[in-house]
Every structure is written in structure tokens, then in C-alpha cells.
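Analysis of the macromolecular model
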Amino acid sequence: MWLKLFFLLLYFLVLFVLARFFEAIVWYETGIFATQLVDPVALSFRKLKTILECRGLGYSGLPEKKDVRELVEKSGDLMEGELYSALKEEEASESVSSTNFSGEMHFYELVEDTKDGIWLVQVIANDRSPLVGKIHWEKMVKKVSRFGIRTGTFNCSSDPRYCRRRGWVRSTLIMSVPQTSTSKGKVMLKEYSGRKIEVEHIFKWITAHAASRIKTIYNADHLKEEWNKSDQYWVKIYLFANLDQPPAFFSALSIKFTGRVEFIFVNVENWDNKSYMTDIGVYNMPSYILRTPEGIYRYGNHTGEFISLQAMDSFLRSLQPEVNDLFVLSLVLVNLMAWMDLFITQGATIKRFVVLISTLGTYNSLLIISWLPVLGFLQLPYLDSFYEYSLKLLRYSNTTTLASWVRADWIFYSSHPALFLGTYLGHGLLIDYFEKKRRRSNADEVNANNLEWLSSLWDWYTSCLFHPIASLQHFPVDSDWDEDPDLFLERLAFPDLWLHPLIPTDYIKSLPMWRFTCLGARSEEDLSEGSQDTENDSDGEGADSGSPEQGTLGGAQSNHPGGACAGACEACGTSPRAPGAEDSQPEDAQPDWGAWPATVLRSTECVVCLENFERGCLLAGLPCGHAFHQGCILMWLAGGRHCCPVCRWPSYKKKPSRAPRPPAPDLAPA
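The residue numbering used here restarts from 1 in each chain and proceeds along that chain's sequence as written. The model is predicted, so local features are restricted to residues of pLDDT at least 70 and side-chain atom pairs to those at 80 or more, both for listing and for counting; the totals for chains, interfaces and linings are taken over all residues. Computation of side-chain values covers all heavy atoms of the structure but excludes hydrogens and water.

**Topic: helix H27 (residues 630–638)**
Remark: exposure states derive from per-residue accessible area (1.4 Å probe, protein chains only) relative to the maximum for the residue type, with buried under 20%, exposed over 50%, and partly exposed in between. Where helices and strands are cited, they refer to DSSP runs of H or I of at least four residues and of E of at least two residues respectively, numbered from the N terminus. Along H27, the residues classified as buried are Gln-630, Gly-631, Cys-632, Ile-633, Trp-636 and Leu-637. Phi for Gly-640, located one or two positions after H27, is positive at around 95 degrees.

**Quick look at the pairing of strand S4 (residues 172–178)**
Summarising burial for S4: 7 of the 7 residues are buried, a large majority. Alternating positions in S4 separate into two faces, Thr-172, Ile-174, Ser-176 and Pro-178 on one and Leu-173, Met-175 and Val-177 on the other, with burial throughout. Where strand S2 (residues 119–124) meets S4, 5 bridges bridge the pair, whose relative direction is antiparallel. Residue pairing across strands places Leu-120 opposite Met-175, the latter belonging to S4. Sheet topology note: the S4/strand S5 (residues 187–191) ladder contains 5 bridges and is antiparallel. Looking at S5, one finds that Val-177 is bridged to Met-188. In short, DSSP must find at least two bridges between two strands for them to pair.

**Quick word on the UniProt feature "transmembrane region" (unreviewed entry) in the chain**
UniProt positions are given in the numbering used here, feature names are shortened, and annotations may be inferred rather than shown by experiment. The positions UniProt marks with the feature "transmembrane region" (unreviewed entry) are residues 326–344, 353–378 and 410–431. Within the segment residues 326–344, helix and strand shares are 95% and 0% respectively, and the terminal C-alpha atoms sit 27 Å apart. The span residues 353–378 is 100% helical and 0% strand by assignment, and the distance between its end C-alpha atoms comes to 37 Å.

**Points about the sheet that holds S2**
With respect to topology, 5 strands assemble into an open sheet ordered S1-S3-S2-S4-S5, the strand pairing being mixed. Whereas interior strands pair on both sides, the edge strands pair on one side only; in this sheet they are strand S1 (99–101) and S5. Neighbour-to-neighbour, the strand axes of the sheet open up by a mean angle of 25 degrees, direction not taken into account. Note on geometry: axes are lines fitted to C-alpha atoms, helical ones only across the stretch in contact, with angles between N-to-C directions running from 0 to 180 degrees.

**Focus on the pairing of strand S17 (residues 618–621)**
Residues Leu-618 and Ala-620 line one face of S17 and the alternating positions Leu-619 and Gly-621 line the opposite face, and both faces are buried. Note: S17 against strand S18 (residues 627–629), 3 bridges, orientation antiparallel. Directly across from Gly-621, in S18, lies its bridge partner Ala-627. In this structure, the hairpin formed by S17 and S18 is closed by a connection of 5 residues, where Gly-625 is found at a positive phi of approximately 105 degrees.

**Looking at the nonpolar core**
Counting 63 residues, the largest nonpolar core has Ile-206, Phe-263 and Met-312 as its most contacted members. The residues touching Met-312, leaving out its near neighbours within four places in the chain, are Ile-237, Phe-249, Phe-250, Leu-253, Tyr-288 and Tyr-299. Formed by 25 residues, the second largest nonpolar core is a distinct cluster that contains Cys-518, Phe-628, Ile-633 and Leu-637. For the purposes of this section, nonpolar cores are sets of buried Ala, Val, Leu, Ile, Met, Phe, Trp, Tyr and Cys residues that join through side-chain atoms within 4.5 Å. The contact criterion used is simple: two residues touch if any of their non-hydrogen atoms lie within 4.5 Å.

**Description of the packing of helix H12 (residues 309–319) against helix H17 (residues 401–415)**
Contact geometry for H12 and H17: axes closest at 10 Å, N-to-C directions at 130 degrees. What the angle tells us is that H12 and H17 run oblique. Crossing of H12 over H17 shows right-handed handedness. Where H12 abuts H17, its residues Gln-310, Ala-311, Ser-314, Phe-315 and Ser-318 lie against Arg-407, Ile-411 and Ser-414. Considered class by class, the residues forming the contact of H12 with H17 number 3 nonpolar, 4 polar and 1 charged. Orientation categories follow fixed angle ranges, with anything under 35 degrees roughly parallel, anything over 145 roughly antiparallel, 65 to 115 roughly perpendicular, and all other angles oblique. Each crossing gets its hand from how the near helix is turned against the far one by less than a right angle, where anticlockwise is left-handed and clockwise is right-handed. All amino acids are sorted into three groups, where Ala, Val, Leu, Ile, Met, Phe, Trp, Tyr, Cys and Pro are nonpolar, Asp, Glu, Lys and Arg are charged, and the leftover types, Gly among them, are polar.

**Details of the sheet that holds strand S10 (residues 295–299)**
With respect to topology, 5 strands assemble into an open sheet ordered S6-S8-S7-S9-S10, the strand pairing being mixed. For this open sheet the edge positions go to strand S6 (215–217) and S10, each flanked by a neighbour on one side alone. Between one strand axis and the next, the sheet turns by 25 degrees as a mean value, whatever way the strands run. The sheet contact formed by strand S7 (residues 235–241) and strand S9 (residues 287–292) spans 5 bridges and is antiparallel. Residue pairing for S9: Tyr-238 is matched across the bridge by Ile-289.

**Quick look at the pattern of salt bridges**
In what follows, salt bridge is the name for a side-chain nitrogen of Lys or Arg lying within 4 Å of a carboxyl oxygen of Asp or Glu. Per the stated rule, a full pass over the model turns up 19 salt bridges. For Glu-262, the salt bridge identified is with Lys-236, shortest N-O distance 3.9 Å. Remark: Lys-236 occurs in strand S7 and Glu-262 occurs in strand S8 (residues 261–267); sequence separation between them is 26 residues. By relative accessible area, Glu-262 is classed as buried at 10%. The shortest N-O distance in the salt bridge between Lys-392 and Glu-294 comes to 2.9 Å. Placement of the pair is Lys-392 in helix H16 (residues 384–398) and Glu-294 in the loop between S9 and S10, with a sequence separation of 98 residues. The class of Glu-294 is partly exposed, set by a relative accessible area of 25%. A cluster of three or more residues bridged by salt bridges with shared partners is formed by Lys-256, Arg-260, Asp-313, Arg-317, Glu-322 and Asp-325.

Written out as C-alpha cells, the structure reads:
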């Protein structure tokens, strides 16, 4: 996870440097920057109209270029970046679509239940033609979509009962606007009553209703009273301009940020005394002044702060974000980080996409689960001070020059999605190249094809299916599950076996085995020579075990079937000791602990048969460190009890290593 986070931060750094590189190229070719002011006199009539349309100012009564240019100057300074964005947005507006409502519930869900936006709906009555023709409606849709106004068409033939209840007996235009100044307030529907069915007149009707929600100041006394007033709004934005009404983008933003930011329009068109504006720091007209508890901020003096809807929207979102804004931002970052797995993972293509899907599901699930307690935490009433301090920190950090660069880059890359995706893909390919260089030592993983990986995935799946808990770790396992279909059929025939995992017994061959010896006692060779008159087997058991060699339990089973304890052990079926062996062993003889494996605990008794260990007895140890007679533990494990009789640790699972045991003191008699 941390590696993907590092690569994601590196990618953002690459985007930042790349944006500065593009700015340098534009400056080298044209000699201008995006923040450089544009003289409206040098622009064509078409470009001036494009700027006015993006700002939301009507120009239908201004046929001359001079009047249009003056209106552009009254609405704010024009920068190269805003001109470029306006021309780009005009090209993108060709693909804007409108919604067709299917009935009452669809209309209510999208229009009446929307609290932070404006809808323009054309209602077509039964057996009537629409109020606005198809060509003019398409122009209207493109015009209002610049300001986040959504459009739709409601045909009463789909739900005539709802139209009769609403009183829509003739074709008309309906506009929905939030009624109150609080967040998630009621929505009121307004019907167009004008006689002129033209795009400019309808747009002027829309902007007039949207501007009526903005507080307007017409004199200096009212401004002074409003400036010194303290209310629930922590952030206020003032527009000082010589205009009849605020631009449409300003009105649309006032609805979008209802309850978070207060928008105030100061109309200085007929002011005689403007001294108070000088006192509060307003020197130029028009001016966009943001007032916060931390001070005054002049919008438009930094990079990317254009007089447009998109630029001011990103600026205000960074200062007064909603919880939904933070969630969307975290969702985008988490998914970008998860997609890095497609390039970090090496090997087959199918393997990459399987890992990617798994990572996407895991990361998004964890994100949603993490946001649930956060939402509950933010609802606590005594966290208001924490919330205020967090917003204060955001306002301090997002009014810096670096934050303005980041916002400008966000606007640039969001308007060029192909460039964003191309740079992300190029960054991922570089990660893939360096990961291959770093993992050259594991050539099988890097060069595995799809069939090999699918085969290994199937092997892993069948291993988990048939051996769900048999993790032998360092104990070798040679299972015949995949080769013997009878085992699979046995599982299907007896469903109860799925609840009780079958443990392979191959691990028994790897258990440590050794003989129990004593210090200061004669060896078994001497005992065998002293008892030549006794009947011995042709293989010479005493000669075979002449020294206390350690081995494995599997290698000892063929030579010592049924157990090898020198004393009588009826429980494990061991053979009795040779005659004279009891007399040849002193009672005070001490066990030779040096012959024991280092991982086995010292003991003198087998807890299975409850007999003491005798000299020459064949012992076996389990991974937990307990020792038993070889025959006793073999019968215990063969009965299906795959655990230690003492501590119940699984006999097929390696136990964490203990600290090394100190050497045993020499207990032999002097």
C-alpha cells in the first residue's frame, strides 16, 4: 500500500512539473502567460460574445462591438487562460444532452428533490406542440448548461393525471429554484409567463430569478451595515461592479453553495460617494472580494483565478468543502492508487487484472467502512470547535500561491482528460519497467504466461479446498490429491468430511527419532557379547543399534517395526529387553541429554504408555518439543489424533522456535 501511495504522489509531482513545462512552452512560442491580461479591444466580436456567454451576461440589446467590449470590461478583467477556457468550453458544449422524464416519480426525484441546483423543464401538454422549438431548445440547453443548470422535457402523454393535478393544460417552461437560503431547503417551481419565445429573453428570465436570491446593496450606508455585521456565515464573497444584475455564473454559484458561502452583490452604478469602499480596501471596479474570519482575499490576483464558473467553483470548494466533496476526493485518490497495482504486479496479464479487481474491491470497501464512523463522528454536537479549526486551516492553506497553482492544474487536466489518462498510462509503464528490473532474480514470476499462472491458481485453489488447515511449513508434503480422483469422490459421497479436513500423514516420516542412552553404562554391543548363549535374530538387533544415532521416524520403521523400547511396554507393543540388560544398567545412571535433538524437551517418561524410558529405547519427538516412544506416538497419530498428547499442539505444524537450550551439565559420576 505504501509503495502505491508513493507512486501516486510521484505521479502528482510529475503532473505539476509537466504543467509548468507546458506554460514555459506557451511562453516561448507566444510570449504570454495564462495570467496575462487581455485587451478586449484586440478581440473579435465573436470572442467577445463567447466571453459574455461564459460569464452569463446578456448582450441582445448591444449590436455594436464597442458596447459588447464595455460590458466585458464592466464584468471583470480578462486573462489569457479564461479566454482559452471559454473557447474550449464552447466546443465542448456541442455534446450536451437533456433529460426526458418518464413520469411523476422521475420528475420528483430529479427536480423537486434537488436542493442545490436549478432545473429548466419544458412541459409539453397533451396534443400540443412544445413552447420552444427544437432548434431554439437545443440552443437554450447549450447556453444554460455552462452554469450548471440542468434541463429536461416532460411530456404529459406519459403521465396525464400528474399534469392535470399540476395545472399544466398548455405547453410551458418550468424553472425550479431553492426557495430558502438554507442548505437542503424547499424548492419552488416558477412558470415562464413571457410572450417572446426567444433564447435571450428566456435566459434573462432565468438569470433574473436566480439573481433575486443574492443580497443586493445599493448605497454606502447599507454596505457599511452589512460589512460590520456578524452572522452565521463565516465566508462571504462580495461583487463590486457597475452592472444591472450580477452575472449568471455568480448567481448559479450562490445556489450551489447555499448554506456555506453568502454571495453579496454591490451595485455601484449610481454611487456618488465611494470613500467607504476605499476604506475597506476596494480600489478597482469590478472587484471580487472574499471576506473570511482570517481577513480579506482579493479573487483574481493568483494563477487560475478566472471570472468563470469552473474556476470560482474550485476556489470556493477548496475553502468551504462539504463532506461529500471530501468523500469524492478520497474516492478518486483511492482508486488511482489501486490502479497502480496493474503496473506493480508482474507476470501474466490475467494475473494483473485479477489482482487489480481484488485491490479495487478491497480498497473501496475499506474506504466506505472507514467513512461510516467519520460521518457519525462529525454529527457530534461538541465538535463544532474542531470543525471550525479545520475550516480555518483549509482557508489558510488554500489561499496560498501553491494552492492556486494546484487549482489551475486541476482545471487544466480536467478539461483535457486524454492528456490526464495518457500521462497516467505513461507513468504506469515506467513503473512496470523498473519493477521488472528490480525483480529480475525471480524470472519465473516475471515471465510466466497466462496458462502457467492459471494452472498455479488452480493448484492453489484445490490445495485450499482439500487441505484448508494443513499448513506443514517446513515439513515436506507429497500429496496425491490431484492424482487420485477417488479422494475427491470420497469427499462428495460423504459431505461430513468437508467439515473435518483430512490431514495427510506424510509428515510422520519427517519427525525426529533417536535412541535413549545413559551416561556411564555399557553399550549394547557389550551386552550382546555377554549374552551369546541367548537366542538372537539373524539381523543382530544389538549390532544394528550399536550407537545412539539420530534419524527420522520414517527411516526407522522398516528396521524396528512395532517399537524398540528395551523395557517391557505392553501399550506400544515393544519387545522385552535382552536378558541381563536390567542388571547391566546401574540404578543411578543419568540420561545422555547430549544425544537428544536441540528442539526436543527433556523427559524420562512416555505419557502415552506411562512407562519410563529405558536404555536403547527408540524415541520420537513432535514439533511442540515433547518426546514419546516411537511405537506409542505412531499408534496415537495413526488413529487420526494429529496433535500432541500433552499440549494438543498440531503434530503437522511447526511451532515457533524457542531460545537455544543451554548445554547440559555433566552429571556422570566421578
